[in-house]
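# Structural description and commentary
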Amino acid sequence: MGKQQWTPKIVGFLCNWCCYAGADMAGTSRMKYPPNIRIIRVMCSSRINAEMILKAFQTGADAVFIGGCHPGNCHYVDGNYRTKKRIDVLKRLLSHMGIDERRLRLEWVSAAEGEKFSQTMQSLADEIEQMGPNPLHLTGGKTYER
Amino acid sequence: MIKSDIAAHGLDRIVVAACSPRMHEPTFRAAVSDAGLNPYCLEMANIREQCSWVHEDKERATEKAVSLVKSAVAKASLLEPLESTKIPVTHSALVIGGGIAGIQSALDIANSGYKVYLVEREPSIGGHMAKFDKTFPTLDCAACILTPKMVDVARHPNIELLTYSEVERIDGSVGSFHVTVRERPRYVDMETCTGCGQCASACRLAGRILSDFDYGLAKRSAIYVPFPQAVPLKYTIDPDSCLMITRGKCGKSPSCVEACDRGAIDFEQVEKVHEFDVGAVVVATGYNEFQAKQRPEFGYDRFENVLTGLELERYFSPNGPTGGKLVINGKVPKSVVFVSCVGSRDKRVGNAYCSRVCCMYIAKQAHLIKEKLPDTDVTVMYTDMRAFGKGYEEFYERVQKEGVHYRRGNAAEVYEEDGRLHVRAEDTLLGEPYEVEADLVVLGTGLRPPSSADGIASMLHLSRSSDKFFLEAHPKLRPVDTVIDGVFLAGCAQGPKDIPDSVAQACGAASHVVNLLSKDHIDAEPIIAIVNEDGCVGCRTCEQLCPYEAHAFDEKRGVMTINKALCKGCGSCAAACPSGSISMNHFRDDQIVAQLLEVL
């Protein structure tokens, strides 16, 4: 593949009940945001384990976004609290690995918060754009220029 | 189109790249299923709500759509047909609590043709409503509307009434709960007792034991019925006061035994344990009254003429301590002050919530005082008036016109001077302090979660909201369900309610129960977690994560098992399993990773 303009690749794991619905809400309300995010739907954000997130970084993701229900509103009672605990630990691990912990972002987005979802996508894309490519993948299969 | 393509090309996995699966996944699953394919062999790529509708850069949006479709194809290739599990349903229900909510639920379920076990802790059903004189705002006599329902319960061929009993244990899950109930001994044989009451008149302690039903305002015998219309109308011996039980001796021989023609009294009686299976449970455990002594400034413990709302209710009642006359300590009050929000909307005592019924029961009681004693001054010190129900505002207006003084502001303190009570308060509309002399102060005490809630919560794994009332599955759309399938809520167990709301919720809970019991099987969603028993090392990490208690450790084999009826498919356990032995159907690790690799 030839050289192309680098733009952040973001993988999003969204819970079905709140954040995924919030992303749908952004869609039905036509709230624009940049097309960096690739969304993978799971039933609960607590379905995501560290391996999946590390795999994403290893394979070339510049950021990973996890979206769950607001505290107290989890469809599965308290799955989002487990997610929070796991992500907090993983962020520290990422720092040790030389990956800026801001590349892993957890947000609570309700089914009604289309605007919050679209703003979060915009700010995350902007932030990662500033940071540049995922350092683990600078020498990966593709070459980029900034 | 999908159906004909499946037929024409022999397709076995389908990807629909269109709208959000939250929108039409059920539609496409049905279509796939109609075509003879397993409905779970479908995957959707959301290229509308999450792509074309939100991105302006057409080229990059198209690139994204392509990668989303690739990702869906990757997952589809790994999808497996899933079958829902059929869970058999036991066609009977348990109702815990025999107040108005439990009574209504039990009658509705029983009238639909299903067996109901109604368990009540007290010797009689009726709950708090049996203690009320009149109901607001229509002033219906509470007993007149409640007792026929109580009798219906007792006579109903489908209802098995277990009074003086408590639920001790509940195992199992939706469709088949196994229930253990412990019935305390009444020391009176239920079959032979006719409720004639000769034993109570003969009791050596007649008129010497404080009646709990009357909040200690009246006295009874050691053998008693809580109130004359009790259901079942069977006598009970109070084990804490009966001389035979506490001392093993009552005169030469117990006078109740002598008085009972039928020989119904049996001091040898012991606890009985009842065990049965039900398909669904209604929790209607009601409330406790706020303990007025927690607000010592109102002098509830110090002054005999400071009463709570429920105590005053007994004074109004024709079967209460004064036969319905408002005579407190031998005196007819000339001035009465009501203090609202005692134990409600008060963070100092840990109750931030509004108890919802106090404004209106105070209005009703103020009206009743004016009706009985027109020359008595009645003042209501209120925080805010909350007359929210049908006909409530109109009733509040009527009470004001009857001459009841409403003054806005919290009461600060009740003290005694020259033999009269003084209530000090602030009028928050005028912004000035004032005092009212009173012969009777009534505390508008609020509602607290029942003391039995802890036990019930842990038995059924129910969640509770921050106010400690039971938590409904959704505050707006699932107000009678709990997160535990097959367990429903009715009445004040879920939060403070007036009678119409309790009855409405009880009917709602009953209809959900009937809905469940009308099926022979429940189809359990197959998107659940599965344990690979060969890999499971029995570390039990997953067990603590499950909010539904779906995990049960098999001690013999040393492996975890997951109850298919209880698992809701969040996948939290699958993510945490250190040996990777839990696989989450339809969202397996390999499926998610396949999706991931395609989008990067």
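The structure contained in this document is the topic of the report that follows.

The rules behind each value
- Residues numbered from 1 in each chain as written.
- Chains lettered and ligands numbered in written order.
- Predicted model: local features only at pLDDT ≥ 70, side-chain atom pairs only at ≥ 80, totals over all residues.
- Heavy atoms only, no water.
- Contact = heavy atoms within 4.5 Å.
- Buried area = accessible area lost by both parts, 1.4 Å probe.
- Salt bridge = Lys/Arg side-chain N within 4 Å of Asp/Glu carboxyl O.
- Polar contact = N/O pair within 3.5 Å; in protein donor to acceptor, adjacent residues only side chain to side chain.
- Helix = DSSP H or I, 4+ residues; strand = E, 2+ residues; numbered from the N terminus.
- Nonpolar A, V, L, I, M, F, W, Y, C, P; charged D, E, K, R; others polar.
- Disulfide = S-S within 2.5 Å.
- Buried < 20%, exposed > 50% of the residue type's maximum accessible area, 1.4 Å probe, protein only.
- Phe/Tyr/Trp six-rings, centres within 6.5 Å; stacked < 30°, edge-to-face > 60°.
- Core = buried A, V, L, I, M, F, W, Y, C linked by side-chain atoms within 4.5 Å.
- Lys, Arg positive; Asp, Glu negative; His and termini not counted.
- Pairing = 2+ DSSP bridges.
- Axes fitted to C-alpha atoms, helices over the stretch in contact; angles between N-to-C directions.

With 42 residues of chain B in contact, the opposing surface of chain A contributes 45 residues. Of the roughly 3900 Å² buried between chain B and chain A, counting both surfaces, carbon and sulfur atoms make up 59%. Applying the counting criterion to the chain B and chain A interface returns two salt bridges. Across the pair aspartate 589 of chain B and arginine 47 of chain A runs a salt bridge, and its minimum N-O distance is 2.4 Å. At the junction of chain B with chain A, the criterion picks out 20 residue pairs in polar contact (both at pLDDT 80 or more). The set of elements that each furnish at least two residues to the side of chain B that touches chain A consists of helix 2 (21–34), helix 3 (48–52), helix 4 (58–78), helix 15 (541–545), helix 16 (572–576) and helix 17 (589–599) of chain B. No other element matches the seven residues that helix 17 of chain B contributes to the side of chain B that touches chain A. Among the residues making up the side of chain B that touches chain A, the classes are represented as 21 nonpolar, 11 polar and 10 charged.

Moving on, we get to the state of the cysteines. Residue and element names in this part refer to chain B. Tallied over the full model, the rule gives two disulfides over all chains. Each sulfur of the disulfide joining cysteine 141 and cysteine 144 lies 2.3 Å from the other. When the S-S torsion is 85°, as for the bridge of cysteine 141 with cysteine 144, the disulfide is right-handed. Counting only cysteine sulfurs, cysteine 359 is the nearest neighbor of cysteine 354, a cysteine outside any disulfide, at a range of 6.3 Å. Of all cysteine sulfurs, the one in cysteine 492 lies closest to cysteine 507, which takes part in no disulfide; the gap is 15 Å.

So, on to unusual backbone geometry. Residue proline 137 of chain B is bonded to the preceding phenylalanine 136 of chain B through a cis peptide linkage, with omega at -10°. Locating proline 137 of chain B in the fold gives a position in the loop between strand 6 (134–135) and strand 7 (140–141). For the peptide bond that leads from valine 231 of chain B to proline 232 of chain B, omega is 0°, which places it in the cis range. Its location among the elements puts proline 232 of chain B in the loop between strand 13 (223–224) and strand 14 (236–237). Non-glycine residue arginine 30 of chain A carries a positive phi angle of around 55°. Tracing the sequence through the fold places arginine 30 of chain A in the loop between helix 1 (19–28) and strand 3 (37–42). Arginine 30 of chain A sits in the partly exposed class, given a relative accessible area of 41%.

All names here are of chain A. Within the secondary structure, methionine 25 sits in helix 1. Accessibility expressed as a relative area gives 30% for methionine 25, which makes it partly exposed. Sequence separation between methionine 25 and tyrosine 81 is 56 residues; the distance between their C-alpha atoms is 24 Å. Look past the residues within four positions of methionine 25 in its chain and what remains in contact with it is Ala111, Ala112 and Gly114.

Next up on the list: the packing of aromatic side chains. Residue and element names in this part refer to chain A. Counting across every chain of the model gives 11 aromatic pairs over all chains. With centroids separated by 5.5 Å and ring planes inclined at 80°, the aromatic side chains of tyrosine 33 and phenylalanine 117 adopt a geometry described as edge-to-face. On the criterion of sequence distance, the pair formed by tyrosine 33 in the loop between helix 1 and strand 3 and phenylalanine 117 in helix 4 (residues 114–131) is long-range, its members being 84 residues apart. Comparing tyrosine 33 with phenylalanine 117 shows no difference in burial state: the two are buried.

The next subject is the nonpolar core. One broad rule of soluble globular proteins: the nonpolar side chains tend to lie buried together. All names here are of chain B. Counting 102 residues, the largest nonpolar core has Ile109, Ile223, Leu312, Phe338 and Tyr406 as the members making the most contacts within it. By residue number, the principal contributor to this core is helix 11 (residues 358–372), which donates nine residues. Setting aside its immediate chain neighbours within four residues, isoleucine 109 contacts Ala93, Val95, Tyr114, Val116, Val282, Ala510, Val513, Val514 and Leu517. In terms of nonpolar packing, the next biggest core, distinct from the first, is built from 77 residues, Leu94, Val179, Val283 and Ile484 among them.

Once that is clear, we can look at the side chain of lysine 91 of chain A. Checked against the element boundaries, lysine 91 of chain A lands in helix 3 (residues 79–96). For the buried lysine 91 of chain A, which has no salt bridge, the nearest side chain bearing the opposite charge is glutamate 101 of chain A, at an N-O separation of 4.6 Å.

With that out of the way, let us pick up the sheet that holds strand 9 (residues 165–173) of chain B. Residues and elements named next belong to chain B. Spatial strand order, 9-10-15: three strands in an open sheet with antiparallel pairing. Both edges of this open sheet fall to strand 9 and strand 15 (272–278), since each of them pairs with a single strand only. Strand-to-strand, the axes of this sheet are offset by a mean angle of 15°, without reference to chain direction. The pairing of strand 9 with strand 10 (residues 176–183) spans eight bridges and is classified as antiparallel. Looking at strand 10, one finds that serine 173 is bridged to serine 176.

Residue and element names in this part refer to chain B. Spatial strand order, 18-25-19-20-21: five strands in an open sheet with parallel pairing. Either end of the sheet is taken by a strand with one partner, and the two such strands are strand 18 (306–308) and strand 21 (405–408). Direction aside, the axes of adjacent strands within the sheet are offset by 20° on average. Across the sheet, helix 10 (residues 309–316) is in contact with strand 18, strand 19 (335–342) and strand 25 (440–445); its angle to strand 18 comes to roughly 95°.

By themselves, these figures tell us nothing about what the structure is for.
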